[in-house]
Amino acid sequence: MTKEAANIARESTRAGFVAILGAPNVGKSTLLNRLVGHKVSIVSPKVQTTRRRIIGITIRGPTQIMFVDTPGIFAPRPGKRLERAMVRAAWSAAQDCDLVLVVVDAQRGIDRATETVFEGLRNSRTPRFLVLNKIDLVRRRQELLPLIAEANRRLSFEATWLVSAQTGDGTEDLLRAVAERMPEGPWLFPEDQISDLSARALAAEITREQIFLQLQQELPYSITVETENFAESPDQREIRIDQTIYVLRESQKAIVLGKGGRQIRAIGERARRELERIFGKRVHLFLFVKVRGRWQEEPERYTEMGLEFPG
Ligand SMILES: Nc1nc2c(ncn2[C@@H]2O[C@H](COP(=O)(O)OP(=O)(O)OP(=O)(O)O)[C@@H](O)[C@H]2O)c(=O)[nH]1
Ligand SMILES: [Mg+2]
């Protein structure tokens, strides 16, 4: 046993779950990645990028912290099953955790979706921190005082943190405070594990991220990506990944493929490079596009996405 390990063993360990909640696009996934120090959850400038709960794990001294990234909370449109499933997944994360981080975009302030989040937490007894993110976009911190006062008037918070998930400003202080708030208990994951996502699921997310980054308007919301095959070469230096991109209509398939297959090649190229960086191995990525008009009504698709199928 190393000296450090012996010290930790003597001290009692701590472990806890921390749900990251907020309106779409406030920077929850960027914050998760920053706090964990790895890319665990995908990020894009579009709303509703995250579709499921994703755990990012980090260790500070004797404390293991499981941050739970969640889909942004908003009012799902009638008949939109996927939206319902996403919002439900976010709320369920808030129920079984030791601390909630309520993330608000410092520039945008309290919009309708953020009001929905505050409303939903009003009767919760779980301790919570207010996290104002994107402070790099605000000229002077003083400008945030009215927003801090207003948020704390609407919902009580143990503390307020000003951070930029993008630059890392303020996130170390937040991490330290979170660690101190965790209950005593044994660690729940092996110490080298950084996420609960399987490699297959992460690979599908990385391709979906490129779809969010490269395709416009409604298209990213009409798409889901599944990894059909994930195989390492015998010498473990290369990975072959086959994925299916499901779209709702023929016309969408044409856009995803692009003229002469240009668009799908661009998506595959970027996703492949990102996967090589993440896995540290050579990656061969094969993408297939399938039209499936009712994929958003199929329970199997939700299981693949890591979501419960809402009835
Ligand atoms: N300037 C600035 N931009 C940020 C910051 N944090 C996140 N962003 C940007 O905000 C956008 C949304 O970030 P995400 O992390 O995907 O936001 P999210 O809350 O997870 O969004 P959903 O998953 O859609 O709910 C991206 O373009 C990020 O680069 C920040 O601290 N400063
Ligand atoms: Mg997200």
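**Considerations on the coordination of the magnesium ion (ligand 2)**
The expected angle between donors at a tetrahedral four-coordinate metal is 109.5 degrees. At an octahedral six-coordinate metal it is 90 or 180 degrees.
Working step 1: For the magnesium ion (ligand 2), the full set of protein donor atoms is Ser29 (OG) and Thr50 (OG1), at a range of 2.0 to 2.1 Å. With Ser29 in helix α2 (residues 28-36) and Thr50 in the loop between α2 and β2 (54-60), this residue pair connects regions lying 21 residues apart in the sequence.

**Here we look at the site of ligand 1**
Working step 1: Looking at ligand 1, there are 23 residues lining it, with Lys28, Thr30, Gln48, Thr49 and Asp136 nearest.
Working step 2: Separating an oxygen atom of ligand 1 from a backbone N or O atom of Gly27 is a distance of 2.9 Å.
Working step 3: Gly72 places a main-chain nitrogen or oxygen 3.3 Å from an oxygen atom of ligand 1.
Working step 4: In the complex, the protein chains occlude 91% of the 660 Å² of accessible area that ligand 1 would expose alone.
Working step 5: Comparing atom positions with the cavity grids shows ligand 1 to sit within the largest pocket.
Working step 6: Of the residues forming the shell around ligand 1, the biggest block, three residues, is contributed by α2.
Working step 7: Here the shell around ligand 1 is composed, by residue class, of seven nonpolar, 12 polar and four charged.

**As for the side chain of Thr171**
Working step 1: When you line up the elements, Thr171 lands in helix α6 (residues 171-180).
Working step 2: The buried category is assigned to Thr171, whose relative accessible area is 6%.
Working step 3: The residues contacting Thr171, other than those within four sequence positions of it, are Leu31, Arg34, Leu35, Val163, Ser164 and Ala165.

**As for the pairing of strand β3 (residues 63-69)**
Working step 1: Within β3, seven of the seven residues are buried, which leaves the element mostly enclosed by the surrounding structure.
Working step 2: Inspection of the sheet shows strand β1 (residues 14-22) paired to β3 by seven bridges, in the parallel sense. What sits directly across from Phe17, in β3, is Met66.
Working step 3: Here β2 pairs with β3 via seven bridges, running antiparallel. Residue pairing across strands places Ile54 opposite Asp69, the latter belonging to β3.
Working step 4: In sequence, β2 turns back onto β3 through a hairpin of two residues, with Gly61 there showing a positive phi of about 55°.

**Thoughts on the packing of helix α7 (residues 199-214) against helix α9 (residues 262-279)**
Working step 1: Their axes nearest at 9 Å, the elements α7 and α9 cross at an angle of 135°. Overall, the two elements α7 and α9 adopt an arrangement that is oblique. For the crossing formed where α7 meets α9, the hand is right-handed. Along the contact surface, α7 presents Ala199, Leu202, Ala203, Ile206, Thr207, Glu209, Gln210, Ile211 and Gln214, while α9 presents Gln263, Ala266, Ile267, Arg270, Ala271, Glu274, Leu275, Ile278 and Phe279.

**Comments concerning the pairing of β1**
Working step 1: Of all nine residues in β1, seven are buried; the element is thus mostly enclosed.
Working step 2: Where β1 and strand β4 (residues 99-105) come together, five bridges link them in parallel fashion. Bridging across to β4, Ile20 finds its partner in Leu101.

**Some thoughts on the sheet that holds strand β9 (residues 282-291)**
Working step 1: The sheet built from three strands is open, its strands ordered β7-β8-β9 with mixed pairing. A strand with exactly one partner marks an edge of an open sheet, and here the two such strands are β7 (224-232) and β9. Neighbouring strand axes in the sheet, compared pairwise and without regard to direction, differ in orientation by 20° on average.
Working step 2: Where strand β8 (residues 238-247) lies against β9, 10 bridges are found, and the strand directions are parallel.

**Section: α9**
Working step 1: Its 18 residues give α9 an end-to-end C-alpha distance of 26 Å, which sits within 8% of 26 Å, the value for a rise of 1.5 Å per residue.
Working step 2: Residues Ile264, Ile267, Gly268, Ala271, Glu274 and Leu275 constitute the buried set of α9. The buried residues of α9 occupy one face: seen down the axis, they fall within an arc of 135°. Of the residues in α9, the exposed ones pointing more than 90 degrees away from the buried face are Arg262, Arg265 and Arg277.
Working step 3: Tucked inside the fold, the buried residues of α9 contact α7, β8, α8 (250-257) and β9.

**A few points about the layout of surface pockets**
The rolling of a water-molecule-sized probe over the atoms marks out the regions of remaining empty space.
Working step 1: As a volume, the largest pocket reaches approximately 380 Å³.
Working step 2: Sorting elements by how many residues they give to the lining of the largest pocket places α2 first, with three residues.
Working step 3: Looking at the lining of the largest pocket residue by residue, the classes come out as eight nonpolar, 12 polar and four charged.

**Considerations on the side chain of Thr126**
Working step 1: Inspection of the secondary structure assignment puts Thr126 in the loop between α4 (112-121) and β5 (128-133).
Working step 2: Classification of Thr126 by relative accessible area gives buried; the value is 15%.
Working step 3: Once residues lying within four places of it in the same chain are set aside, the contact partners of Thr126 are Ala94, Cys97, Asp98, Leu99 and Val100.

**Quick word on the sheet that holds β3**
Working step 1: The strand order β2-β3-β1-β4-β5-β6 describes an open sheet built from six strands, whose pairing is mixed. Among the strands making up the open sheet, the edge pair consists of β2 and β6 (159-162). Each strand axis lies, on average, 25° off the axis of its neighbour in the sheet, ignoring direction.
Working step 2: Seen against the sheet, helix α5 (residues 145-154) touches β5 and β6 and runs at an angle of roughly 150° to β5.
Working step 3: Lying over the sheet, α6 contacts β1, β2, β3, β4, β5 and β6, oriented at roughly 115° with respect to β3.

Criteria and cut-off values
- Residues numbered from 1 in each chain as written.
- Chains lettered and ligands numbered in written order.
- Predicted model: local features only at pLDDT ≥ 70, side-chain atom pairs only at ≥ 80, totals over all residues.
- Heavy atoms only, no water.
- Donors = N, O, S within 2.8 Å, 3.2 Å for Na, K, Ca; no water.
- Helix = DSSP H or I, 4+ residues; strand = E, 2+ residues; numbered from the N terminus.
- Near = heavy atom within 4 Å.
- Polar contact = N/O pair within 3.5 Å; in protein donor to acceptor, adjacent residues only side chain to side chain.
- Areas by Shrake-Rupley, 256 points an atom, 1.4 Å probe, with all protein chains shown as cover.
- 1 Å grid on protein atoms, 1.4 Å probe; cavity = no way out; pocket = protein on both sides within 12 Å on 5 of 7 lines; lining within 4 Å.
- Sits in = over half its atoms within 2 Å of the grid points.
- Nonpolar A, V, L, I, M, F, W, Y, C, P; charged D, E, K, R; others polar.
- Buried < 20%, exposed > 50% of the residue type's maximum accessible area, 1.4 Å probe, protein only.
- Contact = heavy atoms within 4.5 Å.
- Pairing = 2+ DSSP bridges.
- Axes fitted to C-alpha atoms, helices over the stretch in contact; angles between N-to-C directions.
- Parallel < 35°, antiparallel > 145°, perpendicular 65-115°, else oblique.
- Left-handed = near helix turned anticlockwise from the far one by under 90°.
- Expected span 1.5 Å × (residues − 1).
- Arc of directions from axis to C-beta.
- Points joined across faces, edges and corners; volume = space filled by probe spheres on them.

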